[in-house]
Each structure stands twice: as structure tokens, then as C-alpha cells.
There are 2 protein chains.
Amino acid sequence: MKKIIVIGGGAAGAKAASKAKRLEPKNHVELYTKGDVIAYSLCGLPYYIEGSVKDINKLIVRTPEEFIENGIQVFLNSELQEIIPDKNCVLINNNHIFYDELILATGASVKIPDIENINANNVFTLHSIQNGIDIKNAMQKAKSVLIIGAGYIAVELIEAFIANNLKVSVVEVNTRIFSDFDEDFSVAIQKIISDKCARNLDFYLGAKATKFTTDEKYNFKSAILDDESEIFADFCILATGTKPNVEIARKAGIQTGVTGAIYVDNKMRTSISNIYACGDCAQKYYIITRQPTYIGLGTIANKEGRVAAINATSKDYFENFDGVLNSTITKFFEYTISKTGLSYQNALEVSKNVNLEPIQATVSKKDKASYMPGASEIKIKLTADKRSGELLGAQALGTRDNVAQRINTITSALKSRLTVEQLLHLDLPYAPPFSSSIDPILTACYKLKEQLSK
Amino acid sequence: MKKIIVIGGGAAGAKAASKAKRLEPKNHVELYTKGDVIAYSLCGLPYYIEGSVKDINKLIVRTPEEFIENGIQVFLNSELQEIIPDKNCVLINNNHIFYDELILATGASVKIPDIENINANNVFTLHSIQNGIDIKNAMQKAKSVLIIGAGYIAVELIEAFIANNLKVSVVEVNTRIFSDFDEDFSVAIQKIISDKCARNLDFYLGAKATKFTTDEKYNFKSAILDDESEIFADFCILATGTKPNVEIARKAGIQTGVTGAIYVDNKMRTSISNIYACGDCAQKYYIITRQPTYIGLGTIANKEGRVAAINATSKDYFENFDGVLNSTITKFFEYTISKTGLSYQNALEVSKNVNLEPIQATVSKKDKASYMPGASEIKIKLTADKRSGELLGAQALGTRDNVAQRINTITSALKSRLTVEQLLHLDLPYAPPFSSSIDPILTACYKLKEQLSK
């Protein structure tokens, strides 16, 4: 028997608590969270705002009651104040609580940009169930919205707002959207979004909001950009990325890594042996570069929560988390945008420190047999290392699930460090409704091979 | 410069001729085919019959004129009579034609079962463009059809005929359909098909047609089964599988393998050094079992045609074909059925000769976040080897492209011989419209892992 304390009720914490209890029913598992809901899907919020998910309670995977039924003690509205590793103890709501093993799943917070009047009313972030409710309420009373940032959350919210007939403005400090993709993809993605939204969407790229103006009730009225132009909107969303919540851990002497997130080994152990960290507060290991990285994603949080619980419970259940590929996917109306591993530009940057010589090949091809109804264009780029021949990453843009089909295939290729040569004739299942007889990813491999043999 | 002769105008032959010419424009490339069309998609025929492909000419990827424009000589209605390796010469339409390199892409033929009156009118196979036209004509005049066989072609034709309001009977000698899947999948697939077609479809499983009755014009009238029951239909389809066309090659002393298909090495060379074989006439190497196998599929034919042409053209362009995973996929209305590698039953059979201890895990789970509209059930089974921990295969049944997404992922895992442990936390891109936060294939891996650690 062990007493395992989990801090945080998001994907990582909820999974860790459940797994720790299920593995060893005799464990005392206590989950503490500062909020009043646990085990909810943040990733589902844009679809609630958009309207395809009608009931926000559907985003709650498991209620506190269900946890309690499984024998897990749940403490809501309980914020971590201090960790005292020497005493195997945490301070929560001014109570000292002792543990055998501590699992930190303190999550991340939205990076708040330095803008005057950032705290005005009607300026929202999207990082909790309550945020989702607030944004949906604001949207229903509004005709226009300003989004600061142009990443995944921003694009998912553009769809939600356009579907609800709002006029949308987007201000992004980079000169292009989706800057984790290569520029040609950024341009293609932006074109799709712009074409779809027509006059209801304006992008302000390479622009920075310096000040929000407000009305007499301190409600958001407009944003002033660095070129002094002014964008009016009924409310504003900050979709400016997240940063790991590490302050309390750091104060307790728990080591953080070069990314600023909590350092963990492949068993999710921190620098203190009976303290684990998982999810958005924990640093990741990037399989491709063999370097630390940071990305906050629900699916990774889930997996890490599982591994933290397994290793915290017992040496017998031993499991490693090998690292991430920085895989992402999102939909925009009927389009799908996805990537895994390094873009060509990523690879060029990495090649300054790591022994790599990046090459790339792009293919635009029908996503199924060209004679099939509904065949549509898929654009795929593969990157590889000319020296080793190993694949480094893939980006894809197309319609529906046909993109996931290709990117998922590349994830397992990257995991096993397949070379272009080894992937060249991969026996992907073929029928006319699903692919061309030579799949677009193999066509891209053929192109890479030509470069490899030069 | 070389003179390269290609025999056969299907996927393998057409690809081989095109590639050989493109690689070395000075090559003299001649393509001989017994039919009057080349480079057509047999796989598309069911969708032409069904009606979603309106114009059968769309199934012709490239016309003879396009080949000629590219400098490839094309000889239609030219049947191979003899190969004379000693003289580097083939006999075609009674002419002796000399070659430097010969590429055999003689394809396969439908296995004709031993049934009395098998040659009756209105008894069709589906193995050429003309067959497709004939079947569509027959369908348009008919109210009912009998299909002998219950594999991929049969199921694709069931959809076509049901969509065109025919009454369909299916006679299959095995006691279940899709016998390359495990029995639980066969049962689930059959249930989906039966539910969808309701009273318009009857399966006769474990049954054998022994005789066709005919009318006075020798038109098909009914089939008599081995239990003496009689099934009436307006026409009949033989979907009884294919066998490689190897007779002329064998007579010329070209070695065939244990599967009966032409033996080739990983450069698609036959036992005679300047004679290559590719596509449905050639034996395959099965990556999983490291044993010979035979499967006739358009996508493999394409890849092999490419490799044969590369190696026939020059030692400089050297390329290997590593083998197949016996991956297949088909759609049935909104459902998708797919597999790659070994089923559990396949693995048990193989384990008699190969050092394997098969284990299996099946997961039924929503194919996207359960709260997303359109989330539907996907059933996935993974098989693995308890001794090495290596994955052996996957089967999946669900709706739309979500099945391809998962099976494709497993193909690259199989190609690189990933273990369950290595696949366990694969960083598949996640967003609610595409997957659950732990993908069903990873849930299946978790289940396999439990068995591995026992």
C-alpha cells in the first residue's frame, strides 16, 4: 500500500489518479485540484462554442462522483501552495498533507501578452470549462471578435465564430500563421481559411497589439496595433500559447529543464525520486532530435499520466515514456491540417546543432483514385536527412480524415527511425475509395529518393 | 541503350514500361498485351457497376496513344506464345521478337470452379474492362444475381447490386466470409452486410454450387448446391479468386515458387538473369513470416513494375522491393474493412512452422472523441508475438476513413518490426474530430502489454 497524491485534475492528473488506483486497489489515492471540475476535455471546447457539441457536460469525461465511487479521494477548489520534499508533504488550503509518492500535474497557463488594459472585461482565454461557457455567452451577444494569436486554438475558434456569423479579426505577431509548418504550408493554410471565410475574416500578420481601449465599464472596445491602426470588436480572445505551471515545484527545489518545464526522466520522475510530473507542466523528450522540447497536448498528458502512475505505484509495473514527435492535427470546416516531426525549416534550424542535412519533397495529388467521386487534393511534404536517409517529419493539408491516414503512418515510421528507402514500397492497403494506387506519401518518398541518390 | 520488352498491359506492365522509358529515354521499350486496353484500374470496376463512376473510360489511367507519345511502342491484341531465353527472344503473334531485358507482367486469371455448365451465358467473371461493361449491362436488365465467392470483389459487388435494387444471393464454400480475417471479424462484417441489405441478400455459407441449370438458349437459370437446394437468379458472377498466369514462363524453364507464382528475388529478377516478373504473375515475399506468399493487388503490381523497370534498365538505379504485408481494404456503403499482416488465426497456423507464440487484443471504441457528432464504433484487433513482443498484424472494422488511419499506422510499425512496447505511447496526432485522446490502436497495445508481462 502507498499513499499517492496527485496535484491537478486535467487530463494528466485524472489519468494518473485513475491508473494508480486501478493498478493497486489498496493504494490511497488523493487528487487535489484548484478548479471545480476534473477530467474534462479542453480540446473539445471549440466544438462546444461552435455548437456541434451541444452540452458542455459531455466534455467532462468523468465526474468527481465517479472518481469517489472508484475509491479515489477528490478535493476540489484545493490549490497547491507548497511542496516540502524533505517531509514528503504538500501544503494545500493551509493543510499539511503527507504522501509516499507525489504526482504533479499542475498543467499550463495561457501566456498573457504585454498589452495595456489586458485585464479589460470581455478579454478571454480558453483554458477551462468556465472559459468555454463565458466565450460562448459573449459570442451569442456579439457581432465581431478579435483573436490575438493564429495557432491551433485560434483556427478552431475562427471556424466556431464564422459558423456563428461573427466578423473575425486575427492579429498575429509572426508574419505567417501555423509557424510550426513550413512557409508554403502556412500560405496554403491561410489561403484555405481566407477563401472559406471571405469578407468575414481579416488577418493582421506581423502585427502586435500594444493597447486595448475600453468603454466606461472597462469593457474591451478595440485593439491598437503597433502601426497605430485600430481594430474594433465586441470581445477579444487571447490565443497566445501556454507556459508550464512550475513555480511551486521550482521553489521546492525540483529541477526544471532548458524549456522551462519540469525536468522528468522516461519514467516521469522529477529530480526528486518520489515526485513525478506529467502533462503540460512536464518537459518532453523529442524523439527526432533527441533533445528536450515542450508541447502541451491532451493526448500526451494522458499517456504521461498513465506512465507516472505506473512507476509511482510499483517497480513491478515499470513502464517508459519514450518521448514525443510533436504531432498535431486540427480541422477547419472540411479541411484537415496535420503534421508530425520536423518541418524543413525546423530541420534547418536543428541542423545548426545536430548532425543533419535536411531535404524535402512535396506532393500534391488526389487523396483517392482520381475517378472516384469526392476525390480531392492532398498536399504532403516529407522531410528527411540526406546523410542517414532517415525520415524527419511530415506535413499534410487536405480534406477530411485522409490527412490523418497519412500523418499517422509517418508517426510510426518516425518512431522506428525508418529510412526513405525502407518506407519506399510500404504495403499500405489500397482500394479506390481510400487512396491512389501509389499513395501520396510513397510518391513523396520516390521524390526524396531521387535527392538521396544525387 | 537497351531493348526492353514488357509483356502485359495491366498495372505492373504499364508501370514497368513507363518507368523504363522515363529512366532512360534512349531505351527501346515495347509493350505487348493480349487485350485492347492498357493501364486500366480493375479495382475501380465495382464502382463503375455501382454507378458512382459514370464513365468507364475514367478507369483507363493512360491510353495507348499516350504511351506512344512517350516513345513506348504498344502492341495490342498481341498474345505471348513462347519465351526462348537462350535466344533472348519471345514469340508473339507468330513473330520472333528479340530483347535485351524481358519483363513479364502476365497477370492472373480467375480460378474457375468445377461446376457443370460453368460456361453458360450470363455467367461472368470480373477481370477486365469488358467484363465490367458486360456485368453492368446484365445488371440493368436483371432483378436478381447470384455471386459465387464471398471475398473482396464479392462484397464490393454486393454493394453495387444492392444499390441498384437487385436481389443478391451469395454462395461461399467456406463457413464464413472474409476468411483472411479472424472469425469474430467475419461474423461482425457479415452482420453489417446482412443488416444493411436486409431481405435483399441471402448468404449460403459452407455451400458449394455443383451445377448451373440453363434455359433453351444456354442462359444461366439457377445454381444447384451440394445439399440439392436451388438458387434462381438472372445472372451469375464468379468471384472465386485468382491464380497467376505462369504457364508460358514455366515452359520456358523460368522457375515458379511454392505458391505457384513466378519466383522472383527482391530485384524482381526471375531465375533467368535478364528476365523479370512483376505484378499478379509474380510470387511475393511476406515480411511478417519471412516466407513466400501470393496476393494479387493493383498497388503491389504498381510498385513491383517500378522496381522491375529500374533494375532492368541499369545497375546504377538499383532498387529493392522488400515484400508485402498482405494489407487490404474495402468499403461497404459507409463501412470500411481493412487489415494488414497476420490475423490471430493466421498467426496460429504460421506458428506451426515459425517460432511464434501469438497473442491478440480486441478493442471496440469510438473512432473520435465520444462527444463529437458522428463518433461511431471502431473495432480493432492487434496480434503480436509473446516471445519477441513484436506486432504481427491488425484488423479493423468501422465507418469511413477512420479505419485506414489505424491500419496504415500499423503497416509502418510492421515494416519496422516495432514491438508492442515501442508502439505503446506512439505520438499519434490528436484532436477530438479525429480520435479519442488515447487512440484505439494504443488501447489495444495496452491490452497486449498486459498479456506480455504475464
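A few points on the structure. (Residues numbered from 1 in each chain as written. Chains lettered and ligands numbered in written order. Predicted model: local features only at pLDDT ≥ 70, side-chain atom pairs only at ≥ 80, totals over all residues. Heavy atoms only, no water.)

**Some points on helix 4 (residues 129-140) of chain A**
Residue and element names in this part refer to chain A. Its 12 residues give helix 4 an end-to-end C-alpha distance of 17 Å, which sits within 8% of 16 Å, the value for a rise of 1.5 Å per residue. By the burial criterion, the buried members of helix 4 are Ile-129, Asn-131, Gly-132, Ile-135, Lys-136, Ala-138 and Met-139. Those residues of helix 4 that are buried lie in contact with helix 2 (45-50), strand 9 (123-124), helix 5 (152-163) and strand 16 (235-238). (Helix = DSSP H or I, 4+ residues; strand = E, 2+ residues; numbered from the N terminus. Expected span 1.5 Å × (residues − 1). Buried < 20%, exposed > 50% of the residue type's maximum accessible area, 1.4 Å probe, protein only. Contact = heavy atoms within 4.5 Å.)

**Details of the packing of helix 1 (residues 11-23) of chain A against helix 8 (residues 298-313) of chain A**
Residue and element names in this part refer to chain A. Relative to each other, helix 1 and helix 8 sit at 35°, their axes nearing to 7 Å. Crossing handedness for the pair helix 1 and helix 8: right-handed. Each of Ala-11, Ala-12, Lys-15, Ala-16, Lys-19, Ala-20 and Leu-23 in helix 1 lies in contact with helix 8, whose residues at this interface are Gly-298, Ala-301, Asn-302, Gly-305, Arg-306, Ala-309, Ile-310 and Thr-313. Tallied by class, residues from the contact of helix 1 with helix 8 come to 8 nonpolar, 4 polar and 3 charged. (Axes fitted to C-alpha atoms, helices over the stretch in contact; angles between N-to-C directions. Left-handed = near helix turned anticlockwise from the far one by under 90°. Nonpolar A, V, L, I, M, F, W, Y, C, P; charged D, E, K, R; others polar.)

**Some words on the pattern of salt bridges**
Taken as a whole, this structure holds 40 salt bridges over all chains when the rule is applied. Where Arg417(A) meets Glu390(A), a salt bridge forms, and the shortest distance between an N and an O atom there is 3.2 Å. Here the residue Arg417(A) occupies a position in the loop between helix 10 (402-415) and helix 11 (420-423), and Glu390(A) occupies one in the loop between strand 24 (377-385) and strand 25 (391-399), the gap between them amounting to 27 residues. The partner of Glu30(B) in a salt bridge is Lys3(B), with the nearest N and O atoms 3.9 Å apart. Taken together, the residues span a long stretch of sequence, with Glu30(B) in strand 2 (residues 28-32) and Lys3(B) in strand 1 (residues 3-7) at a distance of 27 residues. Each member of the salt-bridge network shares a partner with another, and the members are Asp182(A), Asp184(A), Lys379(A) and Lys381(A). (Salt bridge = Lys/Arg side-chain N within 4 Å of Asp/Glu carboxyl O.)

**Re the interface of chain A and chain B**
With 66 residues of chain A at the interface, the matching set in chain B holds 66 residues. Taken together, the two surfaces of chain A and chain B that pack against each other cover about 5600 Å², and 61% of this comes from carbon and sulfur. Interface area lost by chain A to chain B is led by Tyr371(A), His425(A) and Asp427(A), which between them contribute 14%. Put simply, chain A and chain B have 2 salt bridges between them. For Lys449(A), the salt bridge is made with Glu319(B), and the minimal N-O distance between the two is 2.8 Å. Along the contact surface separating chain A from chain B lie 28 residue pairs in polar contact (both at pLDDT 80 or more). Counting residues per element, the side of chain A that touches chain B draws most heavily on helix 10 of chain A, which supplies 10 residues. Residues that form the side of chain A that touches chain B fall into these classes: 32 nonpolar, 22 polar and 12 charged. (Buried area = accessible area lost by both parts, 1.4 Å probe. Polar contact = N/O pair within 3.5 Å; in protein donor to acceptor, adjacent residues only side chain to side chain.)

**Regarding the side chain of Thr213(B)**
All names here are of chain B. Secondary-structure assignment places Thr-213 in strand 13 (residues 209-214). On the basis of relative accessible area, Thr-213 is assigned to the buried category, the value being 16%. Within polar-contact distance, the side chain of Thr-213 engages the side chain of Ser-222 at 2.5 Å. Setting aside chain neighbours within four positions, we find Thr-213 in contact with Asn-219, Phe-220, Lys-221, Ser-222, Ile-224 and Glu-230.

**Brief notes about the environment of Lys208(A)**
All names here are of chain A. Relative to the elements of secondary structure, Lys-208 occurs in the loop between strand 12 (201-205) and strand 13 (209-214). Residue classification places Lys-208 among the partly exposed positions, given a relative accessible area of 47%. Each C-alpha atom, one on Lys-208 and one on Leu-225, is 5.4 Å from the other, the two residues being 17 residues apart in sequence. If we ignore the near neighbours within four places in the chain, the residues touching Lys-208 are Val-171, Val-173, Ile-224, Leu-225 and Asp-226.

**Looking at unusual backbone geometry**
Residues and elements named next belong to chain A. Located in the positive-phi region is Asn-165, a residue other than glycine, with phi close to 65°. Take Asn-165: it is sitting in the loop between helix 5 and strand 11 (167-172). Overall, Asn-165 belongs to the exposed group, its relative accessible area being 69%. One non-glycine residue, Glu-228, adopts positive backbone phi at about 70°. Mapped onto the elements, Glu-228 comes out in the loop between strand 14 (220-225) and strand 15 (230-232). Among the residues examined, Glu-228 registers a relative accessible area of 68% and is labelled exposed.

**Here's the deal with the relation of the copies chain A and chain B**
Mapping chain A onto chain B calls for a rotation angle of 180° and an axial translation of 0.0 Å; the resulting RMSD is 0.0 Å. Such a combination of turn and shift is consistent with a two-fold rotation axis. A share of 100% of the interface residues of chain A reappears at the interface of chain B, consistent with the copies meeting face to face through the same patch. (Least-squares fit on C-alpha atoms with pLDDT ≥ 70 in both.)

**Things to note about the side chain of Lys267(B)**
Residues and elements named next belong to chain B. Structurally, the position occupied by Lys-267 is in the loop between helix 7 (247-251) and strand 18 (275-277). The side chain of Lys-267 sits in the buried core without any salt bridge; Asp-265 is the nearest counter-charge, 5.8 Å away. Of the polar contacts made by the side chain of Lys-267, one reaches the side chain of Asn-266; its length is 3.3 Å. Ignoring any residue separated from it by four or fewer positions in sequence, one finds Lys-267 in contact with Tyr-276, Val-307, Ala-308, Asn-311, Phe-318, Glu-319 and Asn-320. (Lys, Arg positive; Asp, Glu negative; His and termini not counted.)

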